[in-house]
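Chains, contacts and geometry: an overview
As a plain string of letters, each chain reads:
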Amino acid sequence: MDGLVFQLFSPDLFDIIAKYLIQFDIISLSRTCKSINTIANTYLYRSITLNSNYSQFEKEYTKEQTTYIRTRANFTLLLKSLNRNSYNDSNLRKLVKVLKIEDLPLDFYDFESCLLGKTADSLSFFRRGCLTKLYLTSPISFSVLKYLLSDEYSRRNLSLLCFTVNKYANVKSVLSLVEDPKLKFENLSTLSIGPLKPDLGVNLPLVLIPDDKKQMLESLKLIYYHHALRLADLASFSENNLILENSIFRTLSFYKNLKELCLQSINLNLEIHTSDLNERENFEIFSNLTYLELTDVSLVGSDMNQSILHKLYQYSKVCRLRRVQLDISSISNDLIPDFFLFQVKENQILEFDVTIRHNCMHTIPLNELIEKYIHYIIFRQKGSLRKLSVEIKCERNLVSLGGQLQRVHIAQILSKEFLNLRSLRLEADFDSILELKDKLFLNMPNLENLWVVGSNAVPVHFGLGNMHPGIYDSWWRIIDLPKSLVKNVSKHPLRYIKIHKYLFIVLDEGERERVQPKDTIDKIFEGLTRVSFLQSST
C-alpha cells in the first residue's frame, strides 16, 4: 500500500497539492501513512518561520510556502525534537533549510541563548540544522554571527544571510567578529546586515567573504546608524562634525556581479573628486544593477548640475535598473527626474518608490519638482510599472513635515493608463481619490492594493467615539470612505484599501461587496505596496 501511495503522491505532485493546503491540513495528511509522512515532513520542515503575529485564519499567510510557529513554547519544542538522537530525528534536522525570525513573542527574552544552545535543555540550532538561508529580522548580537562563522556547514552552505544587529552591542573592531580570520562564508550570494557603525560597515563585507568568492555576491544591503542632520550641516561640512562613507564605493568595487544594492542611513559627498577615488573602477558595478535602494541618505555638497545617480552612473554606458527606492536629502536641487529622463529607457522600471524631499535651500518650487517626477518618470514608465509609491516631505532643520500631492497631480496620474499596475501608494487627500475614482478604475484595471498615506489623508475626527470603544473604533469612523470608493463599481480587482494606518479588505460576495477592517497583516501589505530588498530572494 505504501508503495502505491508513493507512486500516486510523488514529491512534485505533493508540491502542487500542498500549495492549496494550510500547514495544519498537511500535518493531518502526513498522518495517513508512512510514505506520505516522509514527503510531508520534507515540505513542512524545509522552511520554518517564527512570527508571533501569525494567524491560521488569515489567507495571506498561506501564500508563502513556509511553516509558521507563533509561540515560544512551540519553537522550543521544535528545538527539542531536532536535538533528539534517534534516526528519524537526525534525518529531520537535515530537512530544515530556511529559518526566518520575523516577530519574536514578547516573552521570548532569551531567544538568542536558546538559538545558540546556551539554555539547560537545548543544543545549538545551527549545529543541528543544515541551513542555506537565514533571516534574522529581530535585533541580535554579533555572537550569533561569530557562531555561524565557526560552524563549518554554515560557512560552506549558507547562501542568504539577513542579519539585524543589536545596536547596543559593543564591538571593538571588525576582526573581533572572528577568532580565525580564515573563517569566512564561502557560498554567500545575498547579504543584508545592519545597523552598523560607519567604520565597521565599510569593511564588514570584506571580513565575511573570502577574496576568491566575492564574485558570488549578487545582493547586498548595508544599514548604518541613523544620523539626524540639520540642513546647515550639509552646507557647512567639516570632517570634525560629520563622517562621510565615500570609501564604501571602493569596497563595493570588489563585488563585480552585484545585481541588487541597498545603502541605508548613509552620508555621502556629492562632490567626489577623481584625485580621491579611482572613479571609473569604483563605479563600474552600477551598470549591472537591477535593484537600487538609497534611503535615509544625506548628501553633502552643492553640485547644482548633477544628482547622486548621475555621479554613480557617470561611467556606465547603460542603466539596467528595474526596481528603485529613493529617499535622499540634499541642499541642492533634486535632479533625479532628469537622470531618469536621459539615462533610463521608457517602460523599463517595474517598481518605483520615492520620497520627494524639499527644503528652503532648493531653488525649484515643490509643485514644479513634483511635475518633473510625474512627467519624466511616472508617465515614461507607465507601461511597465507594477508598483508605484510617492511620498512628500518638507524639511525644516531636523524636522520632516508630511506634504501632499495636490488634486491636479492626482488628476494627471489617473489620466494615464497603467495597465500593469498592481499597487499604488500616494500621499494625498482621500477625497481627491474619491472624486476621480472613475478614472482610477478605468486606467488602472489591474489595481489590487491602494494605500493613501499621511495623517492628512482624512479630516481629523474630534468626536468622543463610543462610550466603550472597541479595537476597531478608529477604523469604523472612516469605513464609509473605502465603501464609497468601491460603491457602484463593477468588476474591479481591488482587494486592499489602506488610509493612513488603517487597513481594510474588500470581500467579494457575489452581487455585493463588503468592506471590513484588517489589522493583522500590515507588514504583509507593506511588502505588497513598497519596494523592498529581499522580495526577489524569498
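Residues numbered from 1 in each chain as written. Predicted model: local features only at pLDDT ≥ 70, side-chain atom pairs only at ≥ 80, totals over all residues. Heavy atoms only, no water.

Comments concerning the pairing of strand β1 (residues 47-51)
Within a regular strand, the side chains alternate between the two sheet faces. With five of its five residues buried, β1 lies for the most part within the structure. Summarising the sheet, β1 and strand β2 (residues 67-69) pair through three bridges and their orientation is parallel. In the sheet register, T49 faces β2, and the bridge partner there is Y68. (Buried < 20%, exposed > 50% of the residue type's maximum accessible area, 1.4 Å probe, protein only. Helix = DSSP H or I, 4+ residues; strand = E, 2+ residues; numbered from the N terminus. Pairing = 2+ DSSP bridges.)

Here's the deal with the packing of aromatic side chains
This model, assessed by the stated rule, comprises 16 aromatic pairs. Relative to Y502, the ring of W475 lies with its centre 5.1 Å away and its plane at 75°, an arrangement referred to as edge-to-face. Pair noted here: W475 is in helix α21 (residues 473-478) and Y502 is in strand β18 (residues 502-509), with a separation of 27 residues, a long-range link. Residue class for W475 comes out buried when judged on its relative accessible area of 12%. Put simply, the rings of F249, F286, Y313, F339, F340 and F352 pair up and form one aromatic cluster. The ring of Y135 has K100 lying over it, and the distance from NZ or CZ to the ring centre is 5.0 Å. (Phe/Tyr/Trp six-rings, centres within 6.5 Å; stacked < 30°, edge-to-face > 60°. Lys NZ or Arg CZ within 6 Å of the ring centre and 35° of its normal.)

Thoughts on the confidence of the model for the protein chain
Confidence in the prediction for the protein chain averages 82 pLDDT; 80% of positions are at 70 or higher. Predicted confidence for residues 238-244 stays below pLDDT 50, and this span has 12 contacts to residues more than four positions away or in other chains. Confidence over residues 273-277 falls short of pLDDT 50; this stretch has seven contacts with residues more than four positions distant or in other chains. (pLDDT = per-residue confidence, 0-100. Contact = heavy atoms within 4.5 Å.)

Notes on the pairing of strand β3 (residues 98-103)
Most of β3 sits out of view: five of its six residues are buried. Both β1 and β3 contribute to a ladder of five bridges, which runs parallel. Of the residues in β3, the one forming a bridge with S47 is V98. Two strands pair when backbone bridges link them, and β3 and strand β4 (residues 133-140) are joined in this way by four bridges, in the parallel orientation. Considered in β4, the bridge of K100 is made with Y135.

What about the environment of D334?
Structurally, the position occupied by D334 is in the loop between β11 (323-329) and α16 (336-343). In this structure, the C-alpha to C-alpha distance between D334 and R357, residues 23 residues apart in sequence, is 8.3 Å. With residues up to four places along the chain from it excluded, the contact list for D334 reads L369, K372 and Y373. Here I336 takes part through its backbone nitrogen, which lies 3.0 Å from a polar atom of the side chain of D334. (Polar contact = N/O pair within 3.5 Å; in protein donor to acceptor, adjacent residues only side chain to side chain.)

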